[in-house]
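Structure at a glance
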Amino acid sequence: GPAPDPPTTATPTTAAPTTVAFITTRVTFRSLQSTFISDLLNPSSAAFRNRASVIKTQLEPIFQRAFPSSFKSLDVVSFRKGSVINEMNLRFASTNVPNITPILISAASNVIGFDIEGSSINVNGLC
């Protein structure tokens, strides 16, 4: 058959490198030493905002150091009862999720104001 038209085939090739794939992964962990209060169900409550801020400000720099080229953001999504189960979304400029669990386990000994139960860490629904 006829050869493909060069301008048509060239366009996707030049456009591709500027496209960065982002992946968002859901991460949950339990804080055994935290007491659940119903205010943590309400994202606009002071209790929710304070706890979300404590987690974000301490964990975000740890992930930035661990994955300097791919880590973009950490956002606390929700809290559930069970002591306190913390749910976060981590965003990476990558096509696959890096190994998050060991980073959280090593962070557990350094965080203040909340605790991380290592065996409870769950990434994208997988323990």
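Structure first, text after, so check above.
Below you will find a few notes about this structure. (Residues numbered from 1 in each chain as written. Predicted model: local features only at pLDDT ≥ 70, side-chain atom pairs only at ≥ 80, totals over all residues. Heavy atoms only, no water.)

1. Section: the pattern of salt bridges
Once their charged atoms are close, side chains differing in charge can pair, the charge on each being opposite to the other. Rules: Each salt bridge in this description consists of a side-chain nitrogen of Lys or Arg and a carboxyl oxygen of Asp or Glu lying within 4 Å of one another. By definition, any uninterrupted DSSP run of H or I lasting at least four residues is a helix, any uninterrupted run of E lasting at least two residues is a strand, and each is numbered from the N terminus. Burial classes: relative accessible area under 20% of the type maximum marks a residue as buried, over 50% as exposed, and values in between as partly exposed (1.4 Å probe, protein chains only).
Applying the stated rule across the entire model yields five salt bridges. Between Glu87 and Arg26 there is a salt bridge, with its nearest N and O atoms 2.6 Å apart. Taken together, the residues Glu87 in strand β3 (residues 84-92) and Arg26 in strand β1 (residues 23-31) connect sequence positions 61 residues apart. Under the relative-accessibility criterion, Glu87 is labelled buried at 8%. The salt bridge partner of Glu87 is Arg80, with a shortest N-O separation of 1.8 Å. Three or more residues joined by partner-sharing salt bridges are found here, namely Arg26, Arg80 and Glu87.

2. A few points about the pairing of strand β2 (residues 71-81)
To keep things clear, this is the line we draw: Strands are treated as partners if at least two bridges between them are detected by DSSP.
Two elements, β2 and β3, share nine bridges in a ladder whose sense is antiparallel. Bridged to Ser78 within β3 is Glu87. Connecting the antiparallel pair β2 and β3 is a turn made up of two residues, with Gly82 showing a positive phi of about 145 degrees.

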